[in-house]
Amino acid sequence: MKKKLILSLAVFALIVTATSASFAQFSLGLQGGIAKSNVEDSKTVAGGGVNLRVFASPQFAIGVAGKIYADGSDYRVAGQTLSSTGTLMPVTGTLDYFFTDGVIRPYIGGDAGVYFSKYKAKWNGETVLESSTRSNFGTAPRAGIVFAFGNFGIQVEGIYHFVFGNKNHESQTGSPNNIDFESTSKFGGVNVGIIFGLGGK
């Protein structure tokens, strides 16, 4: 499932590149950030990722992105250590619209794709429980500012994720028909990053 999604998004980006050849410019972005669930008393977790974009015009870009968020806790039990870790990895297509193409570039954007999650528990460093990888569809509206220095940019953005449940309650989402919009996890975050290869003047 993951390989098919990545391949489909890559082909889509290449089609846009071909149809916009008069301007198309590739862009690589690297990000780090923090995120927090809307659930009361939830922890703030750290994450990071990479984004590949094609600027079809100076102000419009389409791309693919991969991020990973990780969290973990250690517990002492009778002198022994129990550790738990969880990871969430969104693999998405992206759209961005930049309101200007000058030095300061406010923008809005959105991500949509599949969110993969996995959990693991260790007892004194030995794995005692490891879940299978779950997948759920999700979306994430974004808004931010890029400070452009030629083709190099510094990016600050806010993002809010909606991760939808699976109607059949299985671990794999399977198809868009399996999305349960009434069972939705939400978390927001702030990302800071750098961009190589900005579209514009």
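This text goes with the structure placed above it.
This one's a predicted model, so the numbers in the text were calculated from it and none came from an experiment.

Asker: Which residues make up the packing of aromatic side chains, and what values go with them?
Answerer: The relative placement of two aromatic rings is captured by the distance of their centres and the angle of their planes. Enumeration over the complete set of coordinates arrives at seven aromatic pairs. Seen in terms of ring centroids, Phe55 and Phe98 are 5.6 Å apart; in terms of plane orientation they differ by 35°. Their pairing is tilted. Within this pair, whereas Phe55 is found in strand S2 (residues 44–57), its partner Phe98 is found in strand S4 (residues 80–98), the two being separated by 43 residues in sequence. When sorted by exposure, Phe55 lands in the same class as Phe98, which is buried. Residues Phe164 and Phe181 carry aromatic rings whose centres are separated by 4.9 Å and whose planes lie at 65° to one another, so their mutual orientation is edge-to-face. You can see Phe164 sitting in strand S8 (residues 152–166) and its partner Phe181 sitting in strand S9 (residues 179–196), a full 17 residues away along the chain. An aromatic cluster of at least three residues, connected via ring pairs, comprises Phe55, Phe98 and Tyr107.

Asker: Break down the pattern of salt bridges for me, citing the residues and quoting the values.
Answerer: Between side chains of opposite charge, pairing is possible as soon as their charged atoms come close. In the structure shown here, the tally under the stated rule is seven salt bridges. The residue Arg142 makes a salt bridge to Asp111 at a minimum N-O spacing of 2.8 Å. Separated by 31 residues along the polypeptide, Arg142 in strand S7 (residues 134–149) and Asp111 in strand S5 (residues 104–123) bring together distant segments of the chain. Overall, Arg142 belongs to the buried group, its relative accessible area being 6%. With its nearest N and O atoms 3.3 Å apart, the salt bridge here joins Arg142 to Glu157. Of this pair, Arg142 sits in strand S7 while Glu157 sits in strand S8, and the two are 15 residues apart along the sequence.

Asker: Please set out the environment of Arg53 residue by residue, giving values where relevant.
Answerer: Tracing the backbone shows Arg53 in strand S2. Of the residues examined, Arg53 reaches a relative accessible area of 3% and is grouped as buried. Linking Arg53 and Ile195, residues 142 residues apart in sequence, is a C-alpha distance of 9.8 Å. Discounting residues that sit within four places of it in the chain, Arg53 has contacts with Gln25, Phe26, Ser27, Ala61, Ile62, Gly63, Asp96, Gln155 and Ile195. Within the structure, Arg53 has its side chain in polar contact with the side chain of Asp96 (distance 3.1 Å).

Procedures and definitions
- Residues numbered from 1 in each chain as written.
- Predicted model: local features only at pLDDT ≥ 70, side-chain atom pairs only at ≥ 80, totals over all residues.
- Heavy atoms only, no water.
- Phe/Tyr/Trp six-rings, centres within 6.5 Å; stacked < 30°, edge-to-face > 60°.
- Helix = DSSP H or I, 4+ residues; strand = E, 2+ residues; numbered from the N terminus.
- Buried < 20%, exposed > 50% of the residue type's maximum accessible area, 1.4 Å probe, protein only.
- Salt bridge = Lys/Arg side-chain N within 4 Å of Asp/Glu carboxyl O.
- Contact = heavy atoms within 4.5 Å.
- Polar contact = N/O pair within 3.5 Å; in protein donor to acceptor, adjacent residues only side chain to side chain.

From the geometry alone we can't say anything about function, so treat these as descriptive.
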